Amino acid sequence: MNSDFDCYPMNFIDTHTHLDGEEFRDDLPEVISRAQNAGVSKVFVPAIDLPSVTTVVDVCRRFPGYAYPMIGLHPEEVKADWQEVLNEMKVLLASAKDLFIAIGEVGLDFYWSREFQSEQLSAFEEQVKWSIEKRLPLMIHCRKAQNEMVSLLKKYKADLPGGVFHCFTGNEKEAEELLQFDRFVLGIGGVLTFKKSHLPEVLADAVPLNRVVLETDSPYMAPVPMRGKRNESAYVRYVLDKMALSYGVAPEVVAEATNANVERIFTKAYSTALSEK
């Protein structure tokens, strides 16, 4: 870890980290401590399936006022029993008032297979409806399915409370297509730092600074110079620094802008769950 992070004067937020994963089982307190030392003031933790709702909540209760849970069924976890899973999740969502700050991680993923394409579409649409009903933002995962995702979201465009298009790695045209949803932002992570990434140019040319948030997706997708290692929330600082270079502004400007974007998108979280814990 870069020692320059130890007394870093700015605060910023990791909007997407899987701290409940087995990868952090043995040293989670140290991971949290490194993140805090690096300037990370909050971390948002998405669920991916029914068991992970419990593990996500458990982690967030260990670090109240710092880690905040989401609830959702990841598209790669959508199988034939998706309706039963969502029925159980919906009970948890209804019974845990103001606990969850977003519906996520949800979306569509046809990268490996389209075996459960129709089920993914149905599960995603149901969770979009939860977002509208509960006025909770969406944390959306999309891979090889942007046309289908955009088509579905357009049906609810006027009612969507907002959210994050997680792990954006697309081109200018794809960015513009997503930014038509004016209450949404793009989640930018470690790919921004990769040597062959086109994201620095895409951000500068097509994405205003008020439409991005920082994320790690840890333990995956570690940024340069940590690529190949287990990712963790402290490393979001590398993403921030690269983003500052992309936009030609000081890191402090990126920190301030992305924090404001998080607060705007996660409005209910800031007015209830985050302020009460």
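For clarity, every value in this text was computed on a predicted model and none was experimentally measured.

In this fold, Ala102 is placed in the loop between helix H3 (82-95) and strand S4 (103-109). As a C-alpha pair, Ala102 and Val45 span 57 residues in sequence and 9.5 Å in three-dimensional space. Ignoring sequence-local partners within four residues, the contact set of Ala102 consists of Pro69, Met70, Ile71, Leu136, Pro137 and Phe266.

On the basis of which strands lie adjacent, the open sheet formed by 3 strands has the order S1-S2-S3 and parallel pairing. Each edge of the open sheet carries a strand with a single partner, namely strand S1 (12-14) and strand S3 (67-69). Adjacent strand axes in the sheet meet at a mean angle of 20°, parallel and antiparallel pairs treated alike. In this sheet, strand S2 (residues 40-45) lies alongside S1 in parallel orientation, the contact comprising 3 bridges. Along S2, the bridge assignment pairs Ile13 with Lys42. Against the sheet, helix H2 (residues 50-62) engages S2 and S3, with an angle of about 150° to S3.

Looking now at the pairing of strand S7 (residues 184-188). Extensive coverage of S7 is indicated by the burial of 5 of its 5 residues. Handedness of the crossover joining strand S6 (residues 163-165) and S7 through helix H6 (residues 172-179): right-handed.

An ideal rise of 1.5 Å per residue puts 26 Å on 18 residues; helix H4 (residues 117-134) measures up with 26 Å between its terminal C-alpha atoms. Listed in full, the buried residues belonging to H4 are Glu119, Gln120, Ala123, Phe124, Glu125, Glu126, Gln127, Val128, Trp130, Ser131 and Ile132. On its buried face, H4 is in contact with H3, S4, strand S5 (138-143) and helix H5 (146-154).

Let us look at the pattern of salt bridges. For the structure shown, the criterion picks out 12 salt bridges. Across the pair Asp27 and Arg34 runs a salt bridge whose closest N-O atoms are separated by 3.6 Å. Glu232 is paired through a salt bridge with Arg34; the nearest N and O atoms lie 2.7 Å apart. Taken together, the positions of Glu232 in the loop between strand S8 (212-214) and helix H8 (236-247) and Arg34 in helix H1 (residues 28-38) put the pair 198 residues apart, joining distant regions of the chain. One connected set of salt bridges, linked through shared partners, spans Asp27, Arg34, Arg230 and Glu232.

Definitions and limits used
- Residues numbered from 1 in each chain as written.
- Predicted model: local features only at pLDDT ≥ 70, side-chain atom pairs only at ≥ 80, totals over all residues.
- Heavy atoms only, no water.
- Helix = DSSP H or I, 4+ residues; strand = E, 2+ residues; numbered from the N terminus.
- Contact = heavy atoms within 4.5 Å.
- Pairing = 2+ DSSP bridges.
- Axes fitted to C-alpha atoms, helices over the stretch in contact; angles between N-to-C directions.
- Buried < 20%, exposed > 50% of the residue type's maximum accessible area, 1.4 Å probe, protein only.
- Right-handed = clockwise from strand over helix to strand, strands pointing away.
- Expected span 1.5 Å × (residues − 1).
- Salt bridge = Lys/Arg side-chain N within 4 Å of Asp/Glu carboxyl O.

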